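# Overview (structure and organization)
So the chains spell out like this:
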Amino acid sequence: MAYNGLKIGKSLFSILKNNANINVASLLNNDPGLIQPAPMRLENYPVLGITYEIDSIDNIDIKKAYNKNIPVNLVSAKLEIFAEDYGTGAELARVVVEELTTLFVPSNYGGVVIQGINIDNVKQDFNPKTRRYVWRVLFDIRLYN
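Cut-offs used in this document
Numbering of residues starts from 1 in each chain and follows the order in which that chain's sequence is written. Where totals are concerned, whole chains, interfaces and linings use all residues; where local detail is concerned, this predicted model gives features only for residues with pLDDT of at least 70, and gives and counts side-chain atom pairs only at 80 or more. Hydrogen atoms and water are omitted, and side-chain values are computed over all heavy atoms in the structure. Each helix corresponds to a stretch of at least 4 residues labelled H or I by DSSP, and each strand to a stretch of at least 2 residues labelled E; elements are numbered beginning at the N terminus. Any pair of residues with heavy atoms lying within 4.5 Å of one another is described as a contacting pair. Surface accessibility in these figures is a Shrake-Rupley result with a 1.4 Å probe; residues are shielded only by whichever protein chains are displayed. Buried means the residue's accessible area, taken with a 1.4 Å probe over protein chains only, is under 20% of the maximum for its type, while exposed means over 50%, and partly exposed covers the values in between. Only the six-membered ring of Trp is used, alongside the rings of Phe and Tyr, when aromatic pairs are assigned; centres must lie within 6.5 Å, and planes under 30 degrees apart are stacked while those over 60 apart are edge-to-face, with the rest tilted. Within this scheme, the nonpolar core is defined by two criteria: the residues are buried Ala, Val, Leu, Ile, Met, Phe, Trp, Tyr or Cys, and they are joined through side-chain atoms within 4.5 Å. A carboxyl oxygen of Asp or Glu within 4 Å of a side-chain nitrogen of Lys or Arg is what we treat as a salt bridge.

### Some thoughts on the overall build of the chain
- A count of helical and extended segments in the chain gives three helices and six strands.
- Secondary structure elements in the chain, listed N-terminal to C-terminal, are α-α-β-β-β-α-β-β-β.
- For the chain, the proportion of contacts with a sequence separation of at least 24, taken over those separated by at least 6, is 59%.
- As displayed, the chain offers around 8,100 Å² of accessible surface, 51% of which is attributable to carbon and sulfur atoms.

Below, the structure is given as structure tokens:
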């Protein structure tokens, strides 16, 4: 079974919103509406929020013992964490990166079996138009089919 971006996006939302290990909800004042897919970002520029976007899905076959192929998907994705206040945004970005790497538990999230997440890069910027600090987190998700 191949995964599509919508299903993976739902699982990413589930991780950010519902995972018991993640402290993101409390930093977002328990408002799940502040976690959104990138194309649906609120137009009124909220003070704080997270957007996510799936960039690509690559199918990879890995040979294990006895020449059995295990279908794996490698997904490239991006999170944008934005905040009006630098300190709040920096803390939210730190918590998200820490929770997605060191405290993440491989499991089934919304019908998607996620084996692991690898952070590639974190960039910080300031958007003068919206007057928001923005942290872009680029990462890879490894999925089993």
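Moving on, there is more to tell.
### Observations regarding unusual backbone geometry
- With a phi close to 60°, R131 is a non-glycine residue in the positive phi region.
- Note that R131 resides in the loop between β5 (112-127) and β6 (132-144).
- By relative accessible area, R131 is classed as exposed at 54%.

### Topic: the packing of aromatic side chains
- Taken as a whole and judged by the stated rule, the model has five aromatic pairs.
- Residues Y86 and Y133 carry aromatic rings whose centres are separated by 5.2 Å and whose planes lie at 80° to one another, so their mutual orientation is edge-to-face. Taken as a pair, Y86 in helix α3 (residues 86-101) and Y133 in strand β6 lie far apart in primary sequence, 47 residues in all.
- Joined through ring pairs, the aromatic side chains of Y86, F126, Y133 and W135 make up one cluster.

### A closer look at the nonpolar core
- Core analysis: the largest hydrophobic core is formed by 31 residues, its most contacted members being I50, L79, I81, V96, I114, F139 and I141.
- At the level of elements, α1 (5-18), β2 (48-63), β3 (69-83), α3, β5 and β6 are the ones that each hand at least two residues to this core.
- In contact with L79, other than residues within four places in its own chain, are L16, I50, T51, Y52, V96, L100, W135, R136, V137 and F139.

### Here's the deal with the pattern of salt bridges
- Tallied over the full model, the rule gives five salt bridges.
- Here K78 makes a salt bridge to E53, at a shortest N to O gap of 3.6 Å. Of the two residues, K78 is situated in strand β3 and E53 in strand β2; the sequence distance between them amounts to 25 residues.
- A salt bridge links R132 to E84, with the shortest nitrogen-to-oxygen separation between them at 3.2 Å. Here R132, found in strand β6, pairs with E84, found in the loop between β3 and α3; they are 48 residues apart in sequence, far enough to count as distant.
- By relative accessible area, which is 9% here, R132 ends up buried.
- One salt-bridge network, in which partners are shared between bridges, spans E91, R94 and E98.

### Considerations on the side chain of S11
- Along the chain, the position of S11 falls in helix α1.
- Owing to a relative accessible area of 1%, S11 belongs among the buried residues under this scheme.
- Setting aside chain neighbours within four positions, we find S11 in contact with Y109, V112 and I114.

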